[in-house]
Amino acid sequence: MTSQTTLAGPGQQPEGPDRSDRKGPEDGLQAGLKNRHLSMIAIGGVIGAGLFVGSSAGIAAAGPAILLSYALVGLMVVFVMRMLGEMAAARPASGSFSAYADQALGRWAGFSIGWLYWFFWVVVLAVEATAGAKILENWVPGVPQWAWALIVMLVLTATNLVSVGSYGEFEFWFAGIKVVAIGAFVIVGLLAVFGVLPGSDNAGSGLAHLTDTGGFFPKGPGAILTGVLMVVFSFMGSEIVTLAAGESENPQRAVQKATNSVIWRIAVFYLGSIFVVLTLLPWNDASIMEKGSYVAALDSIGIPHAGQVMDVIVLTAVLSCLNSGLYTASRMAFSLGGRGDAPKAFARTNKRGVPQAAILSSVVFGFVAVFFNYQWPDTVFAFLLNSSGAVALFVWLVICFTQLRMRGIILRESPEKLVVRMWLFPYLTWATIAMISFVLVYMLTDDAGREQVLLSLLVAVLVVAFSLVREARRRRGDVPAGTVDS
């Protein structure tokens, strides 16, 4: 037996009436996520595999000033999460910012950003599956890389199909390993930095490495912006907890906790760990690029088998990202289906409260992208990768503009539910819009960034144009309400 959400027609609220005055998720989904699941999803959501594997390139590009790059992007994420938390605490919804954009900006906005976000995560599935397969192939060379990618995808698909609780349990342990690993790295690293770690091979030079090789700005102050472009996408994922909260017993409490804790999470996991790397080693130490920043830092302390240790941690981060990516893509598809912006089947759940069709459709596209990655890595897959590259920034912009309108809607309809408020509204919201816009414009001056922005913009324009044409047809009565024309 299956349950199906009611699809919205023209003029109706896409997610149904405001449901934040009751416990539990929206119709169809089940409250299978426990508080500990959501806490770890919130903490682990900001720790992507990109932090482990991408930080060395940022350090090489900006030197110690990369800390300011991480701080600037972290500040943007804190502001965006605060805005999203304001809306999600007042109106929990499986579609999160897509559902709010639908209500505040129009159906075209909810449709467009929802599908772009889904596209982003299914491409991420292919990237992470391939990354995990490479590590596993090194451990077991007898199994080809493509087979490992297939195995990883199948296992996590099965996990998501069983129940939302099984997704939460897997993510609890995956995220837990990441959190413990980075926490231990920061503590042990700081002890070594100040020369109080017993048996450390590091000279313990304190903060000297931040300035002893060309100063704090060895590549000039402009390198901070270059660093921003290189680290901004490693922060994507913070918003997942606002989607997952819809399948918990107390969404409002979960969103409040996640929003209030985002500052220390970014400070410890991003700024803290990169600070440790930069104080253990000179920023231009060859080992940072050769081995990766974290492995090089562990080697400098004298931690045995540092490379293998980091492989396990990176694999965990990859599996966590895959697990959450599949969950996130499927829940966005579920929400789009519930609003009539995707096939009706996406909005159906089975007796365990799992949107089976939404999960399987996301997996199918992920499998196709994996095939493209192996068959045409420099053409078709490169296009997919670049055309989804700037979607994170588009999502953040939409959240900002949506919050500008949603604040008034919430105050008019249910002011008592405004339990999380954006600071200095509307000034900080507009300042965040300016920051994100500046990053997008600055990306056009960078060779790699230019291609990502232009291709992502092209895809976004096509999706928006499709949504506007579709909405115009719907108003004329060519497309029945609650259906998606092909």
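Above this text sits the structure in question.
This is a predicted model, so every value here is computed, not measured.

Q: Pulling in residues and values, what's your account of the overall build of the protein?
A: Across its full length, the protein holds 18 helices and two strands. Expected size for 486 residues packed as a compact globule is a radius of gyration near 23 Å; at 22 Å, the protein falls within 12% of this value. Looking at the protein alone, contacts between residues at least 24 apart form 81% of all its contacts between residues at least 6 apart. Of note, the protein has its 32 positive side-chain charges centred 10 Å away from the centre of its 30 negative side-chain charges.

Q: I'd love a proper account of the nonpolar core, names of residues and values included.
A: In this structure, F52, F97, W121, V395, W396, I436 and L440 are the most contacted members of the largest nonpolar core, which totals 159 residues. The element contributing the most residues to this core is helix α5 (residues 107-139), with 19 residues. In this view, F52 contacts I47, I182, S293, Y294, M310, I313, V314 and A317; residues no more than four positions away in its chain are not counted.

Q: Describe in detail the packing of helix α3 (residues 66-90) against helix α16 (residues 391-413), supporting the description with residues and values.
A: Running from amino to carboxyl end, α3 crosses α16 at an angle of 40°, the nearest separation of the two axes being 9 Å. Judged by the angle between their axes, α3 and α16 are oblique. Regarding α3 and α16, the two cross each other, and that crossing is left-handed. Where α3 approaches α16, its residues M76, V77, V80, M83, L84, E86, M87 and A90 are matched on the opposing element by W396, I399, C400, T402, Q403, M406, R407 and I410. Here the residues of the contact of α3 with α16 sort into 12 nonpolar, two polar and two charged.

Q: Now, about helix α13 (residues 306-338): what can you tell me, with residues and values included?
A: Spanning 33 residues, α13 covers 48 Å between terminal C-alpha atoms, matching the ideal 48 Å at 1.5 Å per step. Counting buried residues along α13, 28 of its 33 residues qualify, which places the element largely inside the surrounding structure.

Q: Provide a residue-level description of a nonpolar patch on the surface, including the pertinent values.
A: Where nonpolar side chains cluster on the molecular surface, the patch consists of I187, L190, L191, F194, V196 and L207 and spans about 540 Å² of accessible area. Looking at the secondary structure, you find F194 in the loop between α7 (164-193) and α8 (223-231).

Q: Summarise the side chain of S98; cite the residues concerned and give the values.
A: Tracing the sequence through the fold places S98 in helix α4 (residues 97-104). Its relative accessible area of 0% is what places S98 among the buried residues. Within polar-contact distance, the side chain of S98 engages the backbone oxygen of G110 at 2.7 Å. Those residues within four positions of S98 in sequence are excluded, and the remaining contacts are G110, I113, G114, M332, L336 and R339.

Q: Which residues make up the packing of α5 against α13, and what values go with them?
A: With their axes 8 Å apart at the nearest point, α5 and α13 run at an angle of 155° to one another. Taken together, the axes of α5 and α13 are roughly antiparallel relative to one another. When the axes of α5 and α13 are compared, the crossing they make is left-handed. Tallied by class, residues from the contact of α5 with α13 come to 24 nonpolar, five polar and two charged.

Q: How would you explain helix α10 (residues 251-280) if you had to name every residue and give the values?
A: Given a rise of 1.5 Å per residue, 30 residues ought to cover 44 Å, and the 41 Å separating the end C-alpha atoms of α10 matches this to within 8%. At V262, α10 shows its strongest bend, of approximately 45°.

Q: Explain unusual backbone geometry to me, and be specific about the residues and the numbers.
A: With an omega of 0°, the peptide bond running from F425 to P426 counts as cis. If you trace the backbone, P426 turns up in the loop between α16 and α17 (427-443). A positive phi angle, close to 45°, is found at S96, a residue other than glycine. One can find S96 in the loop between α3 and α4. With a relative accessible area of 0%, S96 lands in the buried category.

Reading the values: rules and limits
- Residues numbered from 1 in each chain as written.
- Predicted model: local features only at pLDDT ≥ 70, side-chain atom pairs only at ≥ 80, totals over all residues.
- Heavy atoms only, no water.
- Helix = DSSP H or I, 4+ residues; strand = E, 2+ residues; numbered from the N terminus.
- Rg over C-alpha atoms; globule rule 2.2 N^0.38 Å.
- Contact = heavy atoms within 4.5 Å.
- Lys, Arg positive; Asp, Glu negative; His and termini not counted.
- Charge placed at Lys NZ, Arg CZ, Asp CG, Glu CD.
- Core = buried A, V, L, I, M, F, W, Y, C linked by side-chain atoms within 4.5 Å.
- Buried < 20%, exposed > 50% of the residue type's maximum accessible area, 1.4 Å probe, protein only.
- Axes fitted to C-alpha atoms, helices over the stretch in contact; angles between N-to-C directions.
- Parallel < 35°, antiparallel > 145°, perpendicular 65-115°, else oblique.
- Left-handed = near helix turned anticlockwise from the far one by under 90°.
- Nonpolar A, V, L, I, M, F, W, Y, C, P; charged D, E, K, R; others polar.
- Expected span 1.5 Å × (residues − 1).
- Patch = residues over 30% accessible without salt bridge, like charges linked within 9 Å, V, L, I, M, F, W, Y side chains within 5 Å.
- Areas by Shrake-Rupley, 256 points an atom, 1.4 Å probe, with all protein chains shown as cover.
- Salt bridge = Lys/Arg side-chain N within 4 Å of Asp/Glu carboxyl O.
- Polar contact = N/O pair within 3.5 Å; in protein donor to acceptor, adjacent residues only side chain to side chain.
- Bend = angle between axes of the 7 residues up to and from the residue.

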